[in-house]
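For reference, the chains in residue letters:
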Amino acid sequence: MEGSIFDFHARVIVDYRDFIQSFIQIGDERAREFIEKALVQEEKLWPEPLIQLSPAYAKAANVDELAARGLIHPETAQIFRTKDGVPFRLYQHQVEAIERAAQGKSFVVTSGTGSGKSFCFFIPIIDAVLRAPELKCPVALIVYPMNALANSQLATLEELKKNYESRTGRAFPVRFARYTGETPEEERQKIRREPPHILLTNYIMAELLLVRPEDRNLFAPAKEKMPFYLVFDELHTYRGRQGADVAMLVRRIKARLKRDPVIHIGTSATMVAHREATARERCKAVSAFASKFFACEISPENVIEETLKTTTIGGLPGREEVKQAIQEELPEDLDLFLRHPLVRWVEYALGIEEEEGGRLRRRIPRTISDAAGELAALSGY
């Protein structure tokens, strides 16, 4: 097929528009003009595509440094490494989450897709198990809205286990299992006989685990006094009637467990009040939602947002810089490329922006024509 991806997109839109209009036969002239304006001029059914760059996250300490601070057990640091033994360097929001958990505080993490939100709870949970190796009962229940997410997180734990055992020659010290509708009966029986430290499930199965006689022991009160981690991933999905139902499930789980303390953890990629909200307002909105959902006070100070950083060097370029740079070829040298005014403009126009206090936040997606119009006005082309 000849032409660019933009040509292909235009042809698809034309075909789709012709298909839609073939079903519209309006006799009233005024109504027909109104519909044609909405479809052809305003493009209500096929709006222009949006574009957004995924920003970079600020990195903080690695797991060895956290172990040296006493924030995590040294063996925890041995688990969270690459297959070559290199310690994971964590993002700022991950370190903040681990600090909250070490203080016994419930918290919510709101950060973008691919920012490692699972480590915000896996590291504290595995650390808790390593500090009480004799523990036989579950330490954490992690609830997902979809089986696909539970399966993905199970694969993460299996990879950690595989790398740890191949590097150290020791058995992985943490038991974990997935219990969903996809779990074979043989695995279910094993889970009942030998309850794992970490149980991954979905909210529908969590409901069934509470009421089925053969599974009730999984939520039996523990003799040992230690924190229980109740984690809900993708917290923003629990809204409306479904959200109310799952919030009631949370209360029944806690009533059955009779564990103290319970550390409530929520993670989400999108939980924003409104676009113009300040960081404080965003945290207050998330705090109010999470506190109601978990039936536990989670203060705004314990809502952890992503901390972004720039990838380019030099900040937002000025008009003259862009006007001159747009006529130049992009350099092949990486350092020069990251300093190039046009590259810097792209990062700020499509990826990040400064908010009150100088903190960076991700830009909302925008249309290509909007971004191109801004660049044209800035460069004079």
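Reading the values: rules and limits
Residues numbered from 1 in each chain as written. Predicted model: local features only at pLDDT ≥ 70, side-chain atom pairs only at ≥ 80, totals over all residues. Heavy atoms only, no water. Buried < 20%, exposed > 50% of the residue type's maximum accessible area, 1.4 Å probe, protein only. Helix = DSSP H or I, 4+ residues; strand = E, 2+ residues; numbered from the N terminus. Pairing = 2+ DSSP bridges. Right-handed = clockwise from strand over helix to strand, strands pointing away. 1 Å grid on protein atoms, 1.4 Å probe; cavity = no way out; pocket = protein on both sides within 12 Å on 5 of 7 lines; lining within 4 Å. Points joined across faces, edges and corners; volume = space filled by probe spheres on them. Nonpolar A, V, L, I, M, F, W, Y, C, P; charged D, E, K, R; others polar. Axes fitted to C-alpha atoms, helices over the stretch in contact; angles between N-to-C directions. Parallel < 35°, antiparallel > 145°, perpendicular 65-115°, else oblique. Left-handed = near helix turned anticlockwise from the far one by under 90°. Contact = heavy atoms within 4.5 Å. Core = buried A, V, L, I, M, F, W, Y, C linked by side-chain atoms within 4.5 Å. Salt bridge = Lys/Arg side-chain N within 4 Å of Asp/Glu carboxyl O. Phe/Tyr/Trp six-rings, centres within 6.5 Å; stacked < 30°, edge-to-face > 60°.

Enquirer: What should I look at first to understand the pairing of strand S8 (residues 198-202) in this one?
Expert: Consecutive side chains along a regular strand alternate between the two faces of the sheet. For S8, a buried count of five out of five residues is recorded, marking the element as mostly surrounded by other parts of the structure. Burial of S8 is two-sided: the residues Ile198, Leu200 and Asn202 facing one way and the residues Leu199 and Thr201 facing the other way are all buried. Where strand S6 (residues 140-144) meets S8, five bridges bridge the pair, whose relative direction is parallel. Residue Leu141 lies in a different strand from S8, and its bridge partner there is Leu199. In this view, the connection linking strand S7 (residues 176-178) to its parallel neighbour S8 by way of helix H8 (residues 185-193) has right-handed handedness.

Enquirer: Looking at this structure, how should I read empty space enclosed by the protein?
Expert: Where empty space is left in the structure can be found by rolling a water-sized probe over the atoms. By the definition in use, this model includes one cavity of 30 Å³ or more. Its volume calculated, the largest cavity comes out at about 40 Å³. Lining of the largest cavity is provided by Pro138, Ala140, Leu141, Leu199, Leu218, Phe219, Phe228 and Leu257. Looking at the lining of the largest cavity residue by residue, the classes come out as eight nonpolar, no polar and no charged.

Enquirer: Help me understand the environment of Thr110, please; the structure alone is not making it clear to me.
Expert: Within the secondary structure, Thr110 sits in strand S5 (residues 107-110). Assessed through its relative accessible area of 10%, Thr110 is described here as buried. As for Thr110 and Ala377, which are separated by 267 residues in sequence, their C-alpha atoms are 35 Å apart.

Enquirer: Got a minute to help me understand the packing of helix H5 (residues 92-102) against helix H6 (residues 119-130) in this structure?
Expert: Each packed pair of helices is defined by two parameters, the angle between the axes and the distance between the axes. For the pair H5 and H6, the least separation of the axes is 9 Å and the interaxial angle reads 40 degrees. In terms of their interaxial angle, H5 and H6 are classed as oblique. Our pair here, H5 against H6, has a crossing hand that is right-handed. Here His93, Gln94, Ala97, Ile98 and Ala101 of H5 lie close against H6, whose contacting residues are Phe119, Cys120, Ile123 and Pro124. Class assignment for the residues of the contact of H5 with H6 results in seven nonpolar, two polar and no charged.

Enquirer: Looking at this structure, how should I read the nonpolar core?
Expert: One recurring pattern in soluble globular proteins: nonpolar side chains tend to sit buried together. Counting 50 residues, the largest nonpolar core has Phe80, Leu90, Ile142 and Tyr229 as its most contacted members. Residue contributions to this core peak at ten residues, all from H6. Apart from the residues within four sequence positions on either side, Tyr229 is in contact with Pro124, Ile125, Ala128, Val139, Ala140, Leu141, Ile263 and Ile265. In terms of nonpolar packing, the next biggest core, distinct from the first, is built from 33 residues, Ile191, Met205, Phe232 and Cys283 among them.

Enquirer: Please clarify how the sheet that holds S6 should be interpreted in this entry.
Expert: Two modes of strand pairing occur in sheets, parallel and antiparallel, and in both the strands are linked by backbone hydrogen bonds. In spatial order, the strands read S7-S8-S6-S9-S10-S5-S11; together these seven strands make up an open sheet with parallel pairing. Each end of this open sheet is capped by a strand with a single partner; those strands are S7 and strand S11 (303-305). In this sheet, neighbouring strand axes are inclined to one another by 15 degrees on average, regardless of whether the strands run parallel or antiparallel. Here S5 pairs with strand S10 (residues 262-268) via four bridges, running parallel. Across the sheet, Phe107 pairs through a bridge with Ile265, a residue of S10. Its contacts with the sheet put H6 on S5, S6, S8, strand S9 (228-232) and S10, and the angle it makes with S6 is roughly 160 degrees.

Enquirer: Help me understand the pattern of salt bridges, please; the structure alone is not making it clear to me.
Expert: Any two side chains of opposite charge can pair, so long as their charged atoms come close to each other. Applying the stated criterion across every chain, the model contains 23 salt bridges. Here Glu65 makes a salt bridge to Arg89, at a shortest N to O gap of 3.8 Å. Taken together, the residues span a long stretch of sequence, with Glu65 in helix H3 (residues 63-68) and Arg89 in strand S4 (residues 89-91) at a distance of 24 residues. On the basis of relative accessible area, Glu65 is assigned to the partly exposed category, the value being 36%. Members of the salt-bridge network, linked through shared partners, are Arg282, Glu305, Glu353, Glu355, Arg361 and Arg363.

Enquirer: It is not clear to me how the layout of surface pockets should be interpreted in this structure. Could you clarify?
Expert: Within this model, the second largest pocket holds a volume of roughly 390 Å³. Contributions of two or more residues to the lining of the second largest pocket are made by helix H7 (147-168), S7 and H8. The class makeup of the residues in the lining of the second largest pocket is seven nonpolar, no polar and seven charged.

Enquirer: For this particular structure, what's the right way to read the packing of aromatic side chains?
Expert: Given two aromatic rings, one states the distance between the centres and the angle between the planes to describe the pair. Following the criterion strictly, the structure yields 15 aromatic pairs and no others. When the centroid spacing of 6.1 Å and the interplanar angle of 85 degrees are considered together, the rings of Phe172 and Phe176 count as edge-to-face. Taken individually, Phe172 and Phe176 each receive the classification buried, so the pair is uniform in this respect. By way of ring pairs, the aromatic residues Tyr203, Phe232, Tyr238, Phe289, Phe293 and Phe294 are connected into one cluster.

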